[in-house]
Amino acid sequence: MNTIFVEATKPQDFDLIERLAHEIWHEYYPDIIGLAQVEYMLKKFQTSTYMQRQVKEAFVYFLIYRNETPAGYLSYQVKKDELFLSKIYLLNKFRGQKIGKESLAWVEENAKALLKKKIRLTVNKDNVNSIKAYESAGFVNYGEAVTDIGDGFVMDDYLMEKNL
């Protein structure tokens, strides 16, 4: 199996990520945050336009391909001493193939190449599978955050980090 990561740089790359987000979020998140919040977050945070604006804030987006087929996407933000892993999402049919583990290792390599001291991320408190995956990759929980994202919705997350 061959997993590659391709930086999103063109509008069509972000359009593909938006389509992947729509499918992935509908597959995975209704049972965790409810369909109404899924729809709200897709419209607010997972559009091609929104993601292209984030690039101006030191976010970098990557398409994840498995054997030349789009399998998902990830994004991180480069900060002074750390890398903030903002997004890592895979289509259901690609889960369980160690792509998530490969993706985390790849992000870690990038963080080290950028001379960052740690990787931080947030994860929904009810996203048990992702929490287990992060813990098995060496991330530890260092706190909690409840963030109001508008329209009566909140993100109720654990804060996790891995020292490099």
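Criteria and cut-off values
- Residues numbered from 1 in each chain as written.
- Predicted model: local features only at pLDDT ≥ 70, side-chain atom pairs only at ≥ 80, totals over all residues.
- Heavy atoms only, no water.
- Core = buried A, V, L, I, M, F, W, Y, C linked by side-chain atoms within 4.5 Å.
- Buried < 20%, exposed > 50% of the residue type's maximum accessible area, 1.4 Å probe, protein only.
- Helix = DSSP H or I, 4+ residues; strand = E, 2+ residues; numbered from the N terminus.
- Contact = heavy atoms within 4.5 Å.
- Axes fitted to C-alpha atoms, helices over the stretch in contact; angles between N-to-C directions.
- Parallel < 35°, antiparallel > 145°, perpendicular 65-115°, else oblique.
- Left-handed = near helix turned anticlockwise from the far one by under 90°.
- Pairing = 2+ DSSP bridges.
- Phe/Tyr/Trp six-rings, centres within 6.5 Å; stacked < 30°, edge-to-face > 60°.
- Lys NZ or Arg CZ within 6 Å of the ring centre and 35° of its normal.

Draft legend 1. Quick peek at the nonpolar core. The biggest cluster of nonpolar side chains holds 51 residues, and the ones touching the most others in it are W25, L74 and Y134. Considering each element in turn, this core owes the most residues, eight residues, to helix α1 (residues 11-28). Those residues in contact with Y134 that lie beyond four places of it in its chain are L85, I88, L104, L121, V123, F139 and M160.

Draft legend 2. Up close: the packing of α1 against helix α3 (residues 35-45). Contact geometry of α1 with α3 gives a least axis separation of 10 Å together with a crossing angle of 165 degrees. Here α3 runs roughly antiparallel to α1, going by the angle between their axes. The two elements α1 and α3 meet at a crossing, and its hand is right-handed. Together, A21, H22, W25 and H26 of α1 and L35, V38, E39, M41 and L42 of α3 make up the contact between the two elements.

Draft legend 3. Inspection of the sheet that holds strand β4 (residues 82-90) at higher detail. Reading across the sheet, the seven strands line up as β1-β2-β3-β4-β5-β7-β6 and stay open at both edges, with mixed pairing between neighbours. Bordering the open sheet on either side are β1 (3-7) and β6 (140-150), each of which pairs with just one other strand. The average angle at which neighbouring strand axes cross in this sheet is 30 degrees, direction not considered. Here five bridges tie β1 to strand β2 (residues 59-66), and the two strands are oriented antiparallel to one another. By the bridge assignment, V6 is partnered in β2 with L63. Lying over the sheet, helix α6 (residues 128-136) contacts β4, β5 (118-124) and β7 (153-163), oriented at roughly 160 degrees with respect to β5.

Draft legend 4. Molecular detail of the packing of aromatic side chains. Tallying each qualifying case throughout the model produces 12 aromatic pairs. With centroids separated by 5.8 Å and ring planes inclined at 70 degrees, the aromatic side chains of F14 and Y61 adopt a geometry described as edge-to-face. Remark: Y61 occurs in strand β2 and F14 occurs in helix α1; sequence separation between them is 47 residues. Both residues of the pair, F14 and Y61, count as buried. Measuring from ring centre to ring centre gives 6.0 Å for Y29 and Y89, while their planes differ by 85 degrees; the resulting arrangement is edge-to-face. Of this pair, Y29 sits in the loop between α1 and α2 (30-33) while Y89 sits in strand β4; the two residues are 60 residues apart in sequence, bridging distant segments of the chain. Each of the two residues, Y29 as well as Y89, counts as buried. K79 extends its terminal NZ or CZ atom over the ring of F84, reaching a point 5.4 Å from the ring centre.

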